[in-house]
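# A closer look at the structure
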Amino acid sequence: MQFWWASQGKNYAIAIGQGSLWTTPWHDGTLRKDRALIKDMRVGEVVFHYANGNVRAVSRVVADWVPGIRPDGYPKVSDRDLDAGWLVRVEPIATGLKLDFHELSSLITVGAPGPLDKDGSPQQKYLSAINEVDGRNLLQQLGINIEAGTIAVDEEKHREEIWDLGATDAVSIGRRRREQGRLRAYLLNGSTTNECALCGRVLPASMLVAAHIAPRAKSVEEQRKNFASIAMLACSLGCDDLFELGYIVVDEVGIIRSGRPAETVALKETIAGLVGRRCTAYSKKTAQQFSDRARLVLA
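Here the structure is a predicted model, which means the values were calculated and not measured.

Applying the stated criterion across every chain yields a total of 10 salt bridges. In this structure, Arg293 engages Glu244 in a salt bridge whose closest nitrogen and oxygen atoms are separated by 3.8 Å. Residue Arg293 is located in helix α10 (residues 287–298), and its partner Glu244 is located in helix α8 (residues 239–244); the two are separated by 49 residues in the primary sequence. Taking relative accessible area as the criterion, Glu244 reaches 35% and is therefore assigned partly exposed.

Next comes the structure, spelled out in structure tokens:
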């Protein structure tokens, strides 16, 4: 089994509460190796969350990476920081943990490529891979047992600390995308049927989505109002998800190409049926948006 270490600071409580791991390239497009590792995380793998001098939580990856906007509450260091990046969903197994960093050097390997430096202190790295022996040592110390694919927490050891996030139901408050209705109406242009820009099938309007070409959060206010360049009609039969999740991209001449690796045969076959087609939404107005999306997916 693969284990991961995530070093988190001020946004730990927000991230574990949302069940999210997220990162982005620097504003100049460069990407540190420890952040690129987010694309290597897979469903079922275990993550140790470190913050403020302690291992604070353990989670399980429940969804592979997708292109994603900056989650609510994730702080920016400067105004130049990007809002478009990669998102992995995790499900907390145990929170409220307090394994002090001074104990770590006796439990896990010291030095690269793990999270500890040669002196046994946590490095300034966002993500690190942990080998199976080290991962199981940490789980044992934390009182968490993995048997036959299931995870059990030693409740006698942690009692009420297993869940420190308050009520399991929460109210979510977000900004409504005010332009979405008008954008879809603009793309449909009064028609009750239209063509999916990716697969070319003509479908009822109810099965067509206004799909943002580049991540919405990367667009400034004026760009969001420029309907002719920011979106296309994609069908809910699968094309919208394939594009949104990065399985397909549109290249510099408007041809659909494969994006992130497909995990199953059925998915590979579906993608193969689209690769090589021309995207009908590609134009001089949309070219830069498609390029931004492809760069994000293929980085």
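Here we take up the side chain of Lys39. Mapped onto the secondary structure, Lys39 falls in the loop between α2 (33–36) and β3 (46–51). The charged side chain of Lys39 is buried without a salt bridge, its nearest counter-charge being Asp40 at 8.9 Å. Beyond its immediate sequence surroundings of up to four residues, Lys39 is in contact with Trp65, Trp86, Leu296, Val297, Leu298 and Ala299.

This part covers the nonpolar core. With 34 residues, the main nonpolar core has Leu198, Met232, Phe243, Ile248, Val250, Cys279 and Phe290 as its most contacted residues. Looking at this core, the elements that each hand over two or more residues are α5 (180–188), β12 (208–212), β13 (231–235), α8, β14 (248–250) and α9 (265–272). Sort the elements by how many residues they give to this core and β13 lands first, with five residues. Those residues in contact with Val250, other than ones at most four positions away along the chain, are Leu198, Phe243, Ile255, Ile256, Cys279, Tyr282, Phe290 and Ala294.

For the rest of this paragraph, the subject is the confidence of the model for the chain. Looking at the chain as a whole, the pLDDT averages 82, with 84% of positions reaching at least 70. Across the chain, the secondary-structure element scoring lowest on mean pLDDT is helix α4 (residues 155–158), at 46, and the one scoring highest is strand β15 (residues 256–258), at 96. Within the model, pLDDT remains below 50 along residues 153–179, and this stretch shows 33 contacts once partners closer than five positions in the same chain are excluded. Across residues 216–224, confidence stays below pLDDT 50; counting only partners more than four residues off in sequence or on other chains, it has 14 contacts.

Next up on the list: the environment of Ile256. By secondary structure assignment, the location of Ile256 is in strand β15. Remark: the alpha-carbon pair of Ile256 and Arg277, spanning 21 residues in sequence, is separated by 5.6 Å. Once residues lying within four places of it in the same chain are set aside, the contact partners of Ile256 are Leu198, Ile248, Val249, Val250, Leu274, Val275, Gly276, Arg277 and Cys279.

What follows deals with α10. Here α10 spans 16 Å end to end across 12 residues, near enough to the 16 Å set by a 1.5 Å rise per residue. For α10, the full list of buried residues reads Gln289, Phe290, Asp292, Arg293, Ala294, Leu296 and Val297.

All right, on to the side chain of Ser128 then. If you trace the backbone, Ser128 turns up in strand β7 (residues 127–130). Given the relative accessible area of 1%, Ser128 is considered buried. Here Ser128 is in contact with Phe3, Trp4, Trp5, Leu37, Pro113, Gly114 and Pro115, once residues within four sequence places are set aside.

Across a regular strand the side chains alternate sides, sitting on one face of the sheet and then on the other. In terms of residue burial, strand β5 (residues 84–94) counts as a mostly covered element, since nine of its 11 residues are buried. Relative to β5, strand β2 (residues 20–23) runs antiparallel, the two being bridged by four bridges. In the sheet register, Ser20 faces β5, and the bridge partner there is Arg89. Pairing between strand β4 (residues 54–69) and β5: nine bridges, direction antiparallel. Looking across to β5, one finds that Arg60 is bridged to Glu91.

Moving on, we get to the packing of aromatic side chains. Across all of its chains, the model carries five aromatic pairs by this definition. On the basis of an interplanar angle of 25° and a centroid distance of 6.1 Å, the ring pair of Phe3 and Phe48 is categorised as stacked. In this pair, Phe3 sits in strand β1 (residues 3–7) while Phe48 sits in strand β3, placing the two residues 45 residues apart along the sequence. By the ring-pair criterion, three or more aromatic residues cluster together here, those being Phe243, Tyr282 and Phe290. It is Lys39 that lies over the ring of Trp65; its NZ or CZ is 4.5 Å from the centre. Across from the ring centre of Trp65, 4.3 Å away, lies the NZ or CZ of Arg260, which sits over that ring.

Summarising burial for β13: five of the five residues are buried, a large majority. Relative to β13, β12 runs antiparallel, the two sharing five bridges. Residue Ala210 lies in a different strand from β13, and its bridge partner there is Leu233.

What counts and how
- Residues numbered from 1 in each chain as written.
- Predicted model: local features only at pLDDT ≥ 70, side-chain atom pairs only at ≥ 80, totals over all residues.
- Heavy atoms only, no water.
- Salt bridge = Lys/Arg side-chain N within 4 Å of Asp/Glu carboxyl O.
- Helix = DSSP H or I, 4+ residues; strand = E, 2+ residues; numbered from the N terminus.
- Buried < 20%, exposed > 50% of the residue type's maximum accessible area, 1.4 Å probe, protein only.
- Lys, Arg positive; Asp, Glu negative; His and termini not counted.
- Contact = heavy atoms within 4.5 Å.
- Core = buried A, V, L, I, M, F, W, Y, C linked by side-chain atoms within 4.5 Å.
- pLDDT = per-residue confidence, 0-100.
- Expected span 1.5 Å × (residues − 1).
- Pairing = 2+ DSSP bridges.
- Phe/Tyr/Trp six-rings, centres within 6.5 Å; stacked < 30°, edge-to-face > 60°.
- Lys NZ or Arg CZ within 6 Å of the ring centre and 35° of its normal.

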